[in-house]
Every structure is written in structure tokens, then in C-alpha cells.
Protein chains: 2
Amino acid sequence: MATLVDIPEELIPLQGFLAEGMGLVEGRMQKQLASDLPPVQRLCKHVERYHGKMIRPALVFLSGLASRGEDRVPTVHDEKAVVIASVCEMVHLATLVHDDVLDEADTRRRTQTVNSLRGNEAAVILGDYLFSAAFNLCSQLSDQRTSLRIAEVGMTLCAGELLQLDHREDFSLDEPTYFEIVKRKTASLIGAACELGARHAVGTSGESPARLERFGMALGVAFQIQDDLLDLTGDQAVVGKSLGKDLEKGKLTLPIIHHLASAEATQRGRTLAILADATGERFGDAHTRGGLLRSALEQTGSIEHARGVAEGLVREAREAIAPLKETPAKKMLNLMADAVVTRSW
Amino acid sequence: MATLVDIPEELIPLQGFLAEGMGLVEGRMQKQLASDLPPVQRLCKHVERYHGKMIRPALVFLSGLASRGEDRVPTVHDEKAVVIASVCEMVHLATLVHDDVLDEADTRRRTQTVNSLRGNEAAVILGDYLFSAAFNLCSQLSDQRTSLRIAEVGMTLCAGELLQLDHREDFSLDEPTYFEIVKRKTASLIGAACELGARHAVGTSGESPARLERFGMALGVAFQIQDDLLDLTGDQAVVGKSLGKDLEKGKLTLPIIHHLASAEATQRGRTLAILADATGERFGDAHTRGGLLRSALEQTGSIEHARGVAEGLVREAREAIAPLKETPAKKMLNLMADAVVTRSW
């Protein structure tokens, strides 16, 4: 969490609690992924390097604490919250492994991707293993609620990916469809992590699970828009994964959608020509084309537009949990929301 | 089922009951896979063509009936059995869709594969969607037992696939490792279908679920060996899927393993050269190499060896359920076991 936000002194005990929780989640995942087969062990070991910021587990813990509304940071982690957090992270890891296959990405969190290191086949099966392990772990809870919700989110994530795939190279993709894709493929799991964390803490009563789900959904969409921006303007060494992949794969991002919708005809035509010039015959290599694209986007204020939308979503997230009692957990959630749009990783 | 075994007259009512069950399973799957998004609908519609013999749903129903030991065929299907049967079939469909990606197969059940028609990306995500839908459906049951077992089987299937992948092009693969792979990647789901069907019918008491699991495991391994044989000797038009893929993908099958272990040095060397001649430079095209391979395998009696092992497994399957009361369902299970090694599809 230290890399995620600058922590004010008053939140240091909470940060310690979260760090401890992450350790428990890592242990729980290792135990759940354990296999008697060396090839399975090796791949799971490799995926451990993907655990980066563990945003979803942090959201599960923080949503639970924020819902309870206690000022004091607890001293002991609750086993069920650790399970829910581990399940959310494993589903996320599974999608990362499969996304890297789809995107033909070579680098993820400064490490080689499973597909580039061990082939697409291993990556497809490893993703399935992670999904199954996540479902198996949530089936160990005393009731079906988490399993049902997580499997539903699994379906939603895939539906979002399929919708995106269907609109690949669709240069007339509009903002409503873009948001539909992002809500499903990125925000749904983040929203579910928040909701499940809250619901576990306070049960089915009260409105905090619904508030936290809205917080997570808005945060998730903002997160994706920031990812879009980093794919265009980020520094690969800082972001830690292959950049420029969105455009290479024909995925239209928010800045591009805004640009194509607002540019005048000549400029629009030129941008479409840059996007279509996959071989770089007309406009030069990927780096040069990236530069041309950025200038074009700046002319229509499309980078600023996307930033503005992301900032609006952060405000929406903050508003969703505004009625909750002021606790260290709520403060941390708000700091995380702010960090989503200021991050450069 | 009509294509699966020749049905004696006394089993016609049971056949009707199973046919009705298949209809319910198809309906349950359609309902579970329903989506508001046209690209998801289109892919799910395509996968409907994969529903072939629905062996796993049939095994769920028959295992339930055989465990109950009733002579009379019931008139109404039990909703929970339909759910379990649908879950098993959806997990199976998910593995088919992903297997076709791994195998780069073009044809499945006489229809184009999702990967060849819509690309690997759509196939990877569709497989994930099917997995999630299966887990979601079993999470709708009143207790976690089925979810837990199905997710565990999911992990087992993947572990088997990863073990197989790890031994690709491994010409010293031995029979114990081969059986380890097959038990996990093929037999585990068939064993679970039988066990879950039985357990649902009779609860945790009694030994019939364990007996039916053993029946299903033995049947599953026999099934895979017959698949191995068909990949070498089958007629693509009858089998309905791309053949010769195992060898092309460096997967050693039982006849080849036996041959390499029992051939004398010169013959072994020549077979290895045929297997390594992927471009056909030395031995001619795939068809010619297939012919050479079959003659070599016949010389060491390796086709017969594999047939013998499969037949032994069918006897093992029959013995596992021998103590159960003689009912139409048990008779049908035994007929299915026999059909596994005589089938040409």
C-alpha cells in the first residue's frame, strides 16, 4: 500500500493491518494453489510475481472496516474476509493471465508473462486453474452467497471482454458502449470486492454494501480510464507492462473515442489513417505513430476530456461512501480513489 | 443415446427418460448461458452444436437411478439432478473450447471450432464464460457440496493438462505418467459426474457413490485410450473432429508409448524419426507418415496392447458396480461401458 498512496501518520496502524492482511492473503492463495505436480507448482510460483498492489484484497478489508464504522483498527484478521480477499485476487490473476494471452503481451509487472515464457497453452490452462481454485476456495465458505456472486462476476467479466472483442477495430465505437465494456470487464470485480467485504462485515442489512459497490464500480471505471491514458502517455519502465497494446489490438480507448467524435473531418481522417497504419509504412514506427497520435489527441482536448471523466468518477466514488461514518478505513478508501487518477504506474 | 449403444427393448422406457433429461439439460444450459449481449449470444449458440452425446449428463442421471436401485423408471426428472448434469456438461464444453485452442483444431463434432471461426481470443473468453456459468449454476444449489467438488475437478483437469503439456515431445514418457495425465484430464470429470449423480440420489450414506466414481474413472480412462486409438486409426468423417492432432502436438498416446518401450533399437529410432519429421521432408505428408506409424505400431502389437488395456478398464468399471442391484439403469451403464471401446466416433 505504501506505493499506492502517501499515508498520513494517523493511518499508519491501518496500513500495518492491511499489510498483515496481504500476507495472510498470499499465504491463503499459496495454500489453495498448492499441487503435487512440479509443472503446476512452477507456474503458480511464477504468477506470484504478478501480485502487485493487491488492490482488490485491500478493498475487501477496507470495505469491511468502513461498513462496521469502528474508529479502532482491529488487531486480528477475520478468516472469512481473508478468504473473500484471496478469492477476488485469484479471479483477478486468472483474468490477467488470460488477458496477456489475448493481448500477446510480453511484460506484466516488470516480469515476463506466462504466455511469453511458457507459451499460450500453459497460460490458458493456468488461467483456468486459477479460476477453478478461486471457485473452490469460495465454495469452502459456510454459505453460497460469495460463490454465487463471484461466479456471476466471472460471467460479467467475460461478457465485457466479448463485447470489447466484438468492437475491435470499430472506429465508430461510442462512449456509452465503451462504458458498458469497462463496467463489465474491469469495474465489476472491483465493485464485487467492495460489496462482498462490506456484506461479510455487516450482513444483508443496511445500505453500506450497496454504497461500497457503487464506490468500487466508479473506482473501477476511473481505474480503466487511467490505464487507457497510461497506455497512450505512460512510461513503460514505470507502468511495468507492455504499452501501446490497446491500439495495436484495435481497442479504442476513451481519449481516442472522444477524439474521433470531436475532430473535424480532415483531422479525423488523418487519425484513422495513423490507426490503420499497422505496418508503419506511411507514418513510421510505433513510437513515431504514438507521438503523432498524442499531438492529435491534444488538439481536440481528448486527453483532458478523459482525465476529467476519470476525476468525475472519483468524486462519484467519494460521494457514494460520504454518508458512512468518518473512520480511518473510509479515509483510506478516499485516498485510494484519489490515487487512481494521479498514479503513473 | 441412440447412437451410443444399441438399446435392448427392455431399456426403451429408460432411453425415453434419458432423452427427456437431455432436453431439460439443454434448456437449463441455455437459460444459464443467456446474455443481453448479442456477441455472447452468438458464441453460446455456436457452442450448442458441440452438444454431442451428452455422456456426462447421461451418467449423472443413470448413476442416480442405479444408486437408488429401483426397477421402475421414474416419470419425472428431479430438478437438482438436471442442475448437476448441466453443470458437468458446461464444464466439459468449457474444456472442449479451450482444448481446441490448445490443439489448434479446426473441426469439432462436424462443425467449425470457435477458435477457427472467431479466433483464439473469443475461444479463450468463451471457455471462461462457460466455466463461470457452470460454477454459478452449481452455486444455486442449496449446499456447497457440488460447487466444492466441481471446482476441485476443475483444478484437477487443469493439473492434468499442465502435466501433459510438460511432457510434450517427451519420447521417454512412461505408462504410469500417461495414466496420471489421463486420470486427471479426462477421467476426473466423468468420475465426478457419476459420483455426484449417485450422491445426490442417496446422500452421503452407502457405498454406491464411491462405486460409481470408480466406474466413471475407469470408463474415463478407457474412453481416452479409445480416443488415442481413433486419433491414429479413425476415420475423420466418422469421428467428426480433426485427427492426428495428438502427434502433431507432440502428445504421446498409449499405443506410441508402448511401441517406443517395446520396439528394438533400430525400429525405435525409425519411429522417433517419423515422429520428429514434422515437415514431412524425409517420410512424406501427414497421411503417409500416419500409415508408416500404424505399420510400426502393429509390428510391436501396440494397437492391440492399447485395446487390451481399454478392455481391462471396461471390466474394471463393470466390476465396480457389480454389487449394485440389477436395474435398467445399471444395465444401461454396463452397455455404455462396453460401447466406449467398440465405438468408432
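Residues numbered from 1 in each chain as written. Chains lettered and ligands numbered in written order. Predicted model: local features only at pLDDT ≥ 70, side-chain atom pairs only at ≥ 80, totals over all residues. Heavy atoms only, no water.

### Focus: the nonpolar core
Core analysis: the biggest nonpolar cluster contains 227 residues, and Leu59, Phe215 and Ile225 of chain A together with Leu59, Phe215 and Ile225 of chain B have the highest contact counts within it. Excluding anything up to four places from it in sequence, Ile225 of chain B contacts Tyr178, Phe179, Leu254, Ala306, Val309, Ala310 and Leu313 of chain B. (Core = buried A, V, L, I, M, F, W, Y, C linked by side-chain atoms within 4.5 Å. Buried < 20%, exposed > 50% of the residue type's maximum accessible area, 1.4 Å probe, protein only. Contact = heavy atoms within 4.5 Å.)

### Side note on the interface of chain A and chain B
Each partner contributes to the interface: chain A provides 44 residues, whereas chain B provides 44 residues. Here chain A and chain B share an interface that buries about 3900 Å² over both sides, 69% of which is from carbon and sulfur atoms. If you look at where chain A meets chain B, you find six salt bridges. Its salt-bridge partner being Arg42 of chain A, residue Asp166 of chain B comes within 3.0 Å of it at the nearest N-O pair. Taken together, the links from chain A to chain B amount to 16 residue pairs in polar contact (both at pLDDT 80 or more). At the level of secondary structure, the elements contributing two or more residues to the side of chain A that touches chain B comprise helix 2 (38-48), helix 4 (79-103), helix 5 (114-138) and helix 6 (145-166) of chain A. A breakdown of the residues in the side of chain A that touches chain B according to their chemical character gives 22 nonpolar, ten polar and twelve charged. (Buried area = accessible area lost by both parts, 1.4 Å probe. Salt bridge = Lys/Arg side-chain N within 4 Å of Asp/Glu carboxyl O. Polar contact = N/O pair within 3.5 Å; in protein donor to acceptor, adjacent residues only side chain to side chain. Helix = DSSP H or I, 4+ residues; strand = E, 2+ residues; numbered from the N terminus. Nonpolar A, V, L, I, M, F, W, Y, C, P; charged D, E, K, R; others polar.)

### With respect to the packing of aromatic side chains
Under the criterion given, the structure shown has five aromatic pairs over all chains. These aromatic residues form a ring-pair network of at least three members: Phe131 and Phe135 of chain A together with Phe131 and Phe135 of chain B. Across from the ring centre of Phe223 of chain B, 3.7 Å away, lies the NZ or CZ of Arg343 of chain B, which sits over that ring. (Phe/Tyr/Trp six-rings, centres within 6.5 Å; stacked < 30°, edge-to-face > 60°. Lys NZ or Arg CZ within 6 Å of the ring centre and 35° of its normal.)

### Quick notes on the relation of the copies chain A and chain B
Placing chain A over chain B gives an RMSD of 0.0 Å and needs a rotation angle of 180°, together with 0.0 Å of translation along the axis. Within this description, the copies of the chain are treated as partners about a two-fold rotation axis. Among all residues of chain A, the minimum C-alpha distance to the rotation axis is found for Gln144 of chain A, at 3.2 Å. (Least-squares fit on C-alpha atoms with pLDDT ≥ 70 in both.)

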